[in-house]
Amino acid sequence: MSLITNVMDHSLDEGYAEAAARKKAAGESGMPKTLRARLGLAAGLVLAALVVTVGAAQARVAAPVVAKERQELVDRIDRETAAADDLEGTVDQLRDDVSARQRQALQKSGGNAQADLVSILAGATAVHGPGVKLVVNDAKEASSGGGGNPRETSGFSDTGRVRDRDMQRVVNGLWQSGAEAVSVNGQRLTALSAIRAAGDAILVDNKPLVPPYTVLAVGDGDKLSTRFQNSPDGLYLHALQENYGIRTSISTEGDLRLPAAPSVIVRTAQPSTEKGTS
């Protein structure tokens, strides 16, 4: 305490104090005495004030220009977004036209029934029928923070969030339980579909989804529901509900309608004309 008290009582070094006392006794002050020195000081102050004034004026003049450029950028983004939406609509129309021409060609070749079955299983055509509707949603108390819980992963710090791996298990469980066609939030799944994560979003075929996640599966509704809930993936989903507050609901439906997949493009596999040997 004595050291702190000494520092507080003698905050100014004694050497500085003695120098200030000698300067005061000699009649010296900090202000210049000669006229030339005073004029130089005044000129410096005027110059500094002029620089500040000019800077403020330039900032005020440039403000409308910056606002105009910003508005032009916003308008350009809106135009490009509208153009992208128009192109996406055109792509959908062309895809529908290609699908119709493919069906017509297959009908002419006499393989209509088999072609319809293959297109349904591949997700290339819209389907409808009985099935199961499964809704998976984040926990009510889900927030953006994490507390070191074992469910905490990169991009999904909140333990009440549904993760991409959770949706993967749900979809795989439905397939294994007898689903004939599956969609998530209107996105039809195929053998080439992928469920991934990007930051805090779940992507299905590179398209972000927003919770709640509605999974539609066409199949024998009662059997499909029972098999899924008793499967390891169904029990996993139940554990998420019990332990982390994930909200789920499942119901059987008399008629579900699933759209066709946006694109089914096979680049590597080729049909084989060789018959197997026994």
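Residues numbered from 1 in each chain as written. Predicted model: local features only at pLDDT ≥ 70, side-chain atom pairs only at ≥ 80, totals over all residues. Heavy atoms only, no water.

Excluding glycine, residues mostly carry a negative phi; peptide bonds, for their part, are mostly trans. Between P211 and the following residue, P212, the backbone shows a cis peptide bond with an omega angle of 5 degrees. Within the secondary structure layout, P212 lies in the loop between β6 (207-209) and β7 (213-218). For N185, which is not a glycine, the phi torsion comes out positive at approximately 50 degrees. Of note, the phi angle at N206 is positive, near 70 degrees, even though the residue is not glycine. For N206, the position within the fold is in the loop between β5 (201-204) and β6. (Helix = DSSP H or I, 4+ residues; strand = E, 2+ residues; numbered from the N terminus.)

With that out of the way, let us pick up the sheet that holds strand β4 (residues 195-198). Read across the sheet, three strands follow the order β4-β5-β6 without closing on themselves; strand pairing throughout is antiparallel. The open sheet is flanked by β4 and β6, the only strands paired with a single partner. Neighbour to neighbour, the strand axes of the sheet diverge by 40 degrees on average, direction disregarded. By the bridge criterion, three bridges tie β5 to β6 in an arrangement that is antiparallel. The residue of β6 that forms the bridge with I202 is L209. Here helix α5 (residues 164-176) sits on the sheet and contacts β4 and β5; the angle it forms with β4, its principal contact strand, is near 170 degrees. (Pairing = 2+ DSSP bridges. Axes fitted to C-alpha atoms, helices over the stretch in contact; angles between N-to-C directions. Contact = heavy atoms within 4.5 Å.)

Pairing is antiparallel in the open sheet, where five strands are placed in the order β3-β2-β7-β1-β8. Looking at the sheet topology across the chains shown, the edges are occupied by β3 (187-188) and β8 (247-258). Both strand β2 (residues 181-184) and β3 contribute to a ladder of two bridges, which runs antiparallel. Considered in β3, the bridge of V184 is made with Q187.

All told, the structure shown has zero aromatic pairs when counted by the stated rule. Directly above the ring of Y236 sits R169, whose terminal nitrogen or CZ lies 4.2 Å from the centroid. (Phe/Tyr/Trp six-rings, centres within 6.5 Å; stacked < 30°, edge-to-face > 60°. Lys NZ or Arg CZ within 6 Å of the ring centre and 35° of its normal.)

Right, let's talk about the pattern of salt bridges for a bit. All chains considered together, the criterion is met by four salt bridges. Note that R161 is salt-bridged to D138, the shortest N-O span being 3.2 Å. Here the residue R161 occupies a position in the loop between β1 (127-137) and α5, and D138 occupies one in the loop between β1 and α5, the gap between them amounting to 23 residues. D138 carries the same exposure label as R161, and that label is buried. (Salt bridge = Lys/Arg side-chain N within 4 Å of Asp/Glu carboxyl O. Buried < 20%, exposed > 50% of the residue type's maximum accessible area, 1.4 Å probe, protein only.)

Time to look at the packing of helix α6 (residues 221-230) against helix α7 (residues 232-244). As a packed pair, α6 and α7 sit with axes 4 Å apart at the nearest point and diverge in direction by 70 degrees. When the interaxial angle is binned, α6 and α7 end up roughly perpendicular. Each of F228, Q229 and N230 in α6 lies in contact with α7, whose residues at this interface are P232, D233, G234, L235 and L237. For the contact of α6 with α7, the per-class residue count stands at four nonpolar, three polar and one charged. (Parallel < 35°, antiparallel > 145°, perpendicular 65-115°, else oblique. Nonpolar A, V, L, I, M, F, W, Y, C, P; charged D, E, K, R; others polar.)

Quick look at α5 now. Along its 13 residues, α5 runs 18 Å from first to last C-alpha, staying within 8% of the 18 Å computed at 1.5 Å per residue. When α5 is considered as a whole, its buried residues turn out to be D164, D166, M167, V170, V171, G173 and L174. (Expected span 1.5 Å × (residues − 1).)

When we look at burial in α6, the residues that qualify are G221, L224, S225 and F228. Buried residues of α6, viewed axially, fall in a sector of 95 degrees; they line one side. Among the exposed residues of α6, those oriented more than 90 degrees off its buried face are D222 and N230. Of the surrounding secondary structure, the elements contacted by the buried residues of α6 are β1, α5, β7, α7 and β8. (Arc of directions from axis to C-beta.)

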